[in-house]
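Here are the chains, one letter per residue:
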Amino acid sequence: QVQLVESGGGLVQPGGSLRLSCTASESFFSMGWYRQPPGKERELAATITTAGATNYLDAVKGRFTISRDNAKNTVYLQMNSLKPEDTAVYYCNARANWYSPNYWGQGTQVTVSS
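Computed from a predicted structure; not experimentally measured.

**A word on the overall build of the chain**
Alright, step 1. Tallying secondary structure elements over the chain gives 0 helices and 11 strands in all.
Alright, step 2. Ordered by position from the N terminus, the helices and strands of the chain form the series β-β-β-β-β-β-β-β-β-β-β.
Alright, step 3. On C-alpha atoms alone, the chain measures out to a radius of gyration of 13 Å, which is about the 13 Å that the 2.2 N^0.38 rule sets for 114 residues.
Alright, step 4. With the principal axes as the frame, the chain shows a C-alpha extent of 40 × 25 × 20 Å.
Alright, step 5. For the chain, the residues scored as buried account for 42% of the 114 residues in total.

Written out as structure tokens, the structure reads:
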């Protein structure tokens with residue numbers, strides 16, 4: 001069974017930092033996070049391929065950095081200069097290739113508030 005286990009969410013003040021981690025049960029071509037703010041649709045936050053190609057939501061560029069350790073099947077999202085609008089449930093995502101199903105972690109709550 002495919003499993004994605006994520007951690008690192010929490011409550012931080014605006015301007016603060018948080019680091020998310022997600023570990024998969026096997027190797028995946030692409031891993032990253034989608035986020036769902038309260039009352040809004042899910043959106044891609046950041047993804048990274050095994051080769052290191054990245055994709056970021058425009059709103060997080062320059063503030064979030066995604067990286068991965070392929071040997072550990074683990075992806076990290078360093079979130080700096082956090083804003084209240086970053087508040088959302090962040091779901092780890094993985095896919096073996098562009099034609100395979102999406103797999104999802106359990107989600108972790110990120111709350112940015114003063």
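**Quick look at the nonpolar core**
Alright, step 1. Met31, Trp33, Met79 and Tyr90 are the most contacted members of the largest nonpolar core, which totals 26 residues.
Alright, step 2. Ignoring any residue separated from it by four or fewer positions in sequence, one finds methionine 79 in contact with Gly16, Ser17, Leu18, Leu20, Arg63, Phe64, Tyr90 and Val110.

**Quick word on the pairing of strand β1 (residues 4–7)**
Each regular strand displays side chains that alternate between the two surfaces of the sheet.
Alright, step 1. Side chains Leu4 and Glu6 project from β1 onto a buried face, and the interleaved Val5 and Ser7 project onto a face without burial.
Alright, step 2. Relative to strand β3 (residues 18–24), β1 runs antiparallel, the two being bridged by 4 bridges. Following the sheet pairing, valine 5 is matched in β3 by threonine 23.

**Brief notes about the environment of methionine 79**
Alright, step 1. For methionine 79, the location among the structural elements is in strand β8 (residues 74–79).
Alright, step 2. Given the relative accessible area of 0%, methionine 79 is considered buried.
Alright, step 3. Separated by 19 residues in sequence, methionine 79 and valine 60 have C-alpha atoms that sit 8.5 Å apart.

**Focus on the sheet that holds β3**
Alright, step 1. On the basis of which strands lie adjacent, the open sheet formed by 4 strands has the order β1-β3-β8-β7 and antiparallel pairing. Among the strands making up the open sheet, the edge pair consists of β1 and β7 (64–69). Across the sheet, the axes of successive neighbouring strands diverge by a mean angle of 15°, strand direction being ignored.

**As for unusual backbone geometry**
Alright, step 1. Look at asparagine 73: it is not a glycine, yet its phi comes out positive at around 50°.
Alright, step 2. Considering the arrangement of structural elements, one finds asparagine 73 in the loop between β7 and β8.
Alright, step 3. We classify asparagine 73 as buried; its relative accessible area is 17%.

**Notes on the state of the cysteines**
Alright, step 1. For the structure on display, the rule yields 1 disulfide.
Alright, step 2. In this model cysteine 22 forms its disulfide with cysteine 92; the gap between the sulfur atoms is 1.9 Å. Measuring the twist about the S-S bond at about -90°, one finds the cysteine 22-cysteine 92 disulfide to be left-handed. A residue pair is termed long-range when its members are at least 10 positions apart, and cysteine 22 in strand β3 and cysteine 92 in strand β9 (residues 88–95) qualify at 70 residues.
Alright, step 3. Looking at cysteine 92, the relative accessible area reads 0%, which means it is buried.

**Describing the environment of valine 60**
Alright, step 1. Take valine 60: it is sitting in the loop between β6 (54–56) and β7.
Alright, step 2. Between the alpha carbons of valine 60 and cysteine 92 there is a distance of 16 Å; along the sequence they are 32 residues apart.
Alright, step 3. Beyond its immediate chain neighbours, meaning those up to four positions away, valine 60 contacts Arg35, Ala45 and Asp86.

Basis of the calculations
Residues numbered from 1 in each chain as written. Predicted model: local features only at pLDDT ≥ 70, side-chain atom pairs only at ≥ 80, totals over all residues. Heavy atoms only, no water. Helix = DSSP H or I, 4+ residues; strand = E, 2+ residues; numbered from the N terminus. Rg over C-alpha atoms; globule rule 2.2 N^0.38 Å. Buried < 20%, exposed > 50% of the residue type's maximum accessible area, 1.4 Å probe, protein only. Core = buried A, V, L, I, M, F, W, Y, C linked by side-chain atoms within 4.5 Å. Contact = heavy atoms within 4.5 Å. Pairing = 2+ DSSP bridges. Axes fitted to C-alpha atoms, helices over the stretch in contact; angles between N-to-C directions. Disulfide = S-S within 2.5 Å.

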